[in-house]
Amino acid sequence: MALVAIVAILLGAIAPVALTAWLASVMAERNTHETLNLYGSVPVIRMEKVIEQAHDVLQTVEGMTGCTPEHIAAMRNAVMQSYFIDEVGYFEDGELACSSWGMAPPGIAENRIDFVLPNGVGLRASITPGQTDAGSVMALHLGAHNVLVSHTRLVEVLSLQGVSVALAYMPVGAPPLLLASGGDAVAAELLSQAPLERKANAQGHRHVGDLFRSGDLVAVAMMPPELTHSSDQLDYMLRLLPLAFVLACIIVFNVIWLTLRRLDLRHETKAALRSGNLRLVYQPVVELATGRCVGAEALIRWQQRDGSYINPEVFIPVAEQSALIGQISTFVARRACEDLGNLLRTHPEAHLSLNMTAYDVTSGDIVRTLEDTFGRAGVPPTSVWLELTERSLIDFETSCGKLSALRDAGYRIVIDDFGTGYSNLQYLQEMKLDALKIDKSFVDVIGRQTANRSVIETIIELATTLELDIVAEGIETQAQLSFLRQRNVRLGQGYFIARPMELADFVAFYAAWKDGAPEEVTWVA
């Protein structure tokens, strides 16, 4: 237990810090991608405005012909009133005749169109202007006119150093056409691979990228992860560490408290055995067809000085981890024999059910304990039913040998809580058993349309096939009782029949019910 507690304390101290580091990393990465997504939206929004402005400008000069001073002035005025438009040109016979810069030199041919936008404007992703040395620009055409837009206007991102952006036209299912790039080859390469996922990492270049799409326009913003991820992660770590520290303290405190509590509970259990605070109550088991009381299950109770009770599910597991469980089993057998020995000798057809633990069927000397207790008291071994759960049969070979010895001595063997443990058919076939006890969880669902409804019917059918007696526990309603009787379940117990009771109350109950349900009780078929 000490080693387990030490490991639990270490894990409790380390786990919150490790979780904080992981959470900080996740939050930093999410923040990075949200930032990049925001920057990726910038060129898309700008391009949408470019398309809108280009369409308005081209419609303004549409219908004008010839390179008259008025025509050139109109084109120049359109450029001055537009934020994104750098140049407006006019073509005659497939060549540039004039532009917002004035008359054009001869030989500048009209460029072919890459694609046509929904508004009818044709777009050429990249050309070199014939009248200026502005570098590569984008051209948008309508009729005899075109407008030129600098790529830099679309992808310049000034707010965050190190961010590079690329913009492409990419209808769904079509390859991307690069419209503009911030000069970073990584962004252009990533975009050329037609990324369709929202998050796209170019691992080979150690860049972090995020994709933004609006209609047929797609943009990717990228940056080296060290620009923000590391600093963001440290920032989130510093914010979360106080919470992690508090959580670690709570976990460590609880582990220490639970460990000390279990140690205290072990000592208290030992003291309860010596002081007589442990006692037994008895829950009647009746024949469902007639209501006749055929015996009782002995249930252990631990009453403290203040009158409160400690649940057996709390102290029995603690006792099982020490040698105390053997002493408790011996106590239960001897006390039950003292309480009901005379009744069982007088009425050998009745039985007493005792719960066994894994320790009893593997390490304990339960055979000698029972012989020394019930044998010397003259109680027939057939009147003693030994209930063990499926979980206590993990060591099958050892359990099988000890249970065979008990059954050969005349004791009845019952599998308790059947269907909630390993449900291994091996022990049903190889072990010499007398009965199966249906767990309360399966009885509870009687009358409801759940999967467990079919389970209880399967258990009944299985027990019938193997010629095993059946006991149903946890019967709390008339509907449950009727259901079980209709399926020929022979025995049962539960609050609907009788609650666990003190010895004197059980003796009186047995006297009233040993020949069947009393006349004042309506035992509905």
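Keep in mind the model is a prediction, meaning the values are calculated, not measured.

*Asks:* Looking at this structure, how should I read the overall build of the protein chain?
*Replies:* Counting its secondary structure elements, the protein chain contains 15 helices and 20 strands. When each of the 525 residues of the protein chain is scored for burial, the buried share is 47%. For the protein chain, contacts bridging at least 24 residues in sequence account for 63% of all contacts bridging at least 6. Approximately 25,800 Å² of the protein chain is accessible, and the part contributed by carbon and sulfur atoms is 55%.

*Asks:* What is the right way to look at the nonpolar core in this model?
*Replies:* Among soluble globular proteins, nonpolar side chains are generally buried collectively. Counting residues in hydrophobic clusters, the biggest one holds 71 residues, and the most contacted among them are Leu354 and Phe374. At 10 residues, helix α7 (residues 324-346) tops the list of elements feeding residues into this core. With sequence-adjacent residues up to four places away left out, Phe374 is seen in contact with Ala333, Cys337, Leu352, Leu354, Val379, Val384 and Tyr411. Ranked by size, the runner-up nonpolar core spans 42 residues in total, among them Val44, Ile85, Leu154 and Val163.

*Asks:* I'm lost on the sheet that holds strand β5 (residues 122-127) in this one. Help?
*Replies:* Strand pairing in a sheet relies on backbone hydrogen bonds. The paired strands run either parallel or antiparallel. With antiparallel pairing, 7 strands are arranged side by side in an open sheet as β3-β2-β1-β7-β6-β5-β4. Strand pairing shows two members of the sheet lacking a second neighbour, β3 (102-103) and β4 (115-116), which therefore form its edges. Pairing analysis gives 4 bridges linking strand β1 (residues 87-92) to strand β2 (residues 95-99), with the strands arranged antiparallel. Paired with Glu92 across the two strands is Glu95, which belongs to β2. Sheet strands touched by helix α2 (residues 69-80): β1, β2, β3 and β7 (145-150). Its angle to β1, the strand with the most contacts, is close to 150°.

*Asks:* Can you walk me through the pattern of salt bridges in this structure?
*Replies:* Here the idea is simple: oppositely charged side chains can pair when their charged atoms come close. By the definition in use, this model includes 17 salt bridges. As a salt-bridge pair, Arg153 and Asp86 come within 2.9 Å of each other at their nearest N and O atoms. Here the residue Arg153 occupies a position in helix α3 (residues 151-155), and Asp86 occupies one in the loop between α2 and β1, the gap between them amounting to 67 residues. On the basis of relative accessibility, which here comes to 26%, the residue Arg153 falls in the partly exposed class. The exposure class of Asp86 is partly exposed, given its relative accessible area of 25%. Two residues, Glu338 and Arg335, come together in a salt bridge whose shortest N-O distance is 3.6 Å. Here Glu338 pairs with Arg335, and both are found in helix α7, just 3 residues apart, close to one helical turn. Residue Glu338 is classed as exposed on the basis of its relative accessible area of 60%. Salt bridges sharing partners connect three or more residues here, namely Glu287, Arg292, Asp469 and Arg490.

*Asks:* When you look at the packing of α7 against helix α15 (residues 503-513) in this model, what are you seeing that I'm missing?
*Replies:* Relative placement of two packed helices is described by the angle separating their axes and the distance separating the axes. The interhelical angle for the contact between α7 and α15, taken along N-to-C directions, is 15°, at an axis separation of 11 Å. The orientation of α7 with respect to α15, classified from their angle, is roughly parallel. The chirality of how α7 crosses α15 is right-handed. Along its contact with α7, which presents Asp339, Leu340 and Leu343, the element α15 presents Leu503, Phe506 and Tyr510. In terms of residue class, the contact of α7 with α15 is built from 5 nonpolar, no polar and 1 charged.

*Asks:* Looking at this model, I keep getting lost on the side chain of Arg485. Mind explaining?
*Replies:* Positionally, Arg485 belongs in helix α14 (residues 478-486). In this structure Arg485 is buried but unpaired, with Glu287 as the nearest side chain of opposite charge at 9.4 Å. From its side chain, Arg485 meets the backbone oxygen of Ala289 in a polar contact 3.1 Å long.

*Asks:* When you look at the environment of Gly410 in this model, what are you seeing that I'm missing?
*Replies:* Turning to its location among the elements, Gly410 is positioned in the loop between α10 (396-408) and β17 (412-418). C-alpha separation for the pair Gly410 and Thr382, spaced 28 residues apart in sequence, amounts to 5.3 Å. Contacts of Gly410, omitting those with residues within four sequence positions, involve Pro381 and Thr382.

*Asks:* Looking at this model, I keep getting lost on the packing of α7 against helix α9 (residues 366-377). Mind explaining?
*Replies:* Running from N to C, α7 and α9 point in directions that differ by 20°, and their axes come no closer than 9 Å. When the axes of α7 and α9 are compared, the pair comes out roughly parallel. The two elements α7 and α9 meet at a crossing, and its hand is right-handed. Of the residues in α9, those touching α7 at Thr330, Ala333, Arg334, Cys337 and Arg345 are Thr369, Leu370, Thr373, Phe374 and Ala377. Residues of the contact of α7 with α9, tallied by class, amount to 5 nonpolar, 3 polar and 2 charged.

*Asks:* How should the confidence of the model for the protein chain be read in this particular structure?
*Replies:* Caution applies to low-pLDDT parts of the model: their predicted coordinates are not meant to be read in detail. Mean pLDDT for the protein chain: 80, with 74% of residues reaching 70 or above. The low-confidence segment residues 194-206 (pLDDT under 50) makes 30 contacts with residues lying over four places distant or belonging to another chain.

*Asks:* Help me understand the pairing of strand β13 (residues 293-303), please; the structure alone is not making it clear to me.
*Replies:* For a regular strand, side chains alternate in direction, first toward one face of the sheet and then toward the other. Burial analysis of β13 places 9 of its 11 residues in the buried class, which makes it a mostly covered element. Of the pairings in the sheet, the one linking strand β12 (residues 278-287) to β13 comprises 9 bridges and is antiparallel in character. The residue of β13 that forms the bridge with Val285 is Gly295. As consecutive antiparallel partners, β12 and β13 are separated by 5 residues, and within that stretch Gly291 has a phi angle of approximately 85°, a positive value. With 3 bridges joining them, β13 and strand β15 (residues 351-356) adopt parallel strand pairing. Within the sheet, the bridge partner assigned to Glu297 lies in β15 and is Ser353. Pairing between β13 and strand β14 (residues 309-310): 2 bridges, direction antiparallel. Among the inter-strand pairings, Trp302 is bridged to a residue of β14, identified as Ile310.

*Asks:* How should I be thinking about the packing of aromatic side chains in this particular structure?
*Replies:* Each aromatic ring pair is summarised here by two numbers: the centre-to-centre distance and the angle between the ring planes. Here the structure, examined in full by the defined rule, presents 5 aromatic pairs. On the numbers, 6.2 Å between centres and 35° between planes, the contact of Tyr282 with Phe506 is tilted. In this pair, Tyr282 is assigned in strand β12 and Phe506 in helix α15, connecting sequence segments 224 residues apart. Using a relative accessible area of 0% as the deciding quantity, one classes Tyr282 as buried. Among the aromatic residues, ring-to-ring pairing joins Tyr282, Phe506 and Tyr510 into one connected group. The positively charged end of Arg153 is found above the aromatic ring belonging to Tyr83, 5.6 Å away from the centroid. When the ring centre of Tyr495 is taken as origin, the NZ or CZ atom of Arg499, which lies over that ring, is 4.1 Å away.

Criteria and cut-off values
All residue numbers refer to positions counted from 1 along the written sequence of the respective chain. In keeping with the model being predicted, local features are shown solely for residues with a pLDDT of at least 70 and side-chain atom pairs are shown and tallied solely at 80 or more, while totals for entire chains, interfaces and linings include all residues. In computing side-chain properties, one takes all heavy atoms of the structure into account and sets aside hydrogens as well as water. Only runs of H or I of at least four residues qualify as helices and only runs of E of at least two qualify as strands under DSSP, and these elements are numbered from the N terminus. Only protein chains enter the calculation, and the probe is 1.4 Å; a residue is then buried if its accessible area is under 20% of its type maximum, exposed if over 50%, and partly exposed in between. Note on contacts: a residue pair qualifies if any of its non-hydrogen atoms lie within 4.5 Å across the two residues. Only the protein chains shown count as cover for residues, and all accessible areas are computed by the Shrake-Rupley method using a 1.4 Å probe. To qualify as a nonpolar core, a set must consist of buried Ala, Val, Leu, Ile, Met, Phe, Trp, Tyr and Cys residues joined through side-chain atoms within 4.5 Å. Strands were regarded as paired on the criterion that DSSP finds at least two bridges between them. Simply put, an axis is a line fit to the C-alpha atoms, just over the touching stretch for a helix, and the angle between two N-to-C directions goes from 0 to 180 degrees. Note on definitions: salt bridges are taken to be side-chain nitrogens of Lys or Arg within 4 Å of carboxyl oxygens of Asp or Glu. An angle below 35 degrees is treated as roughly parallel, one above 145 as roughly antiparallel, one from 65 to 115 as roughly perpendicular, and anything else as oblique. In this scheme, a crossing is called left-handed if the near helix is turned counterclockwise away from the far one by less than a right angle; it is called right-handed if the turn is clockwise. Put simply, Ala, Val, Leu, Ile, Met, Phe, Trp, Tyr, Cys and Pro go in the nonpolar bin, Asp, Glu, Lys and Arg in the charged bin, and everything else, Gly too, in the polar bin. Here the positive residues are Lys and Arg and the negative ones are Asp and Glu; neither His nor the chain ends is included. The term polar contact refers here to a pair of N or O atoms within 3.5 Å; inside protein, the definition further demands a hydrogen-donor-capable atom paired with an acceptor-capable atom, and it admits residues adjacent in sequence only when both atoms are side-chain atoms. Each residue carries a pLDDT score, the predictor's own confidence in it, on a scale running from 0 to 100. Planes of paired rings set the category: under 30 degrees apart is stacked, over 60 is edge-to-face and the rest tilted, where pairs are Phe, Tyr or Trp rings (Trp by its six-membered ring) whose centres lie within 6.5 Å. Criterion for a charge above a ring: Arg CZ or Lys NZ at most 6 Å from the ring centre, at most 35 degrees from the ring normal.

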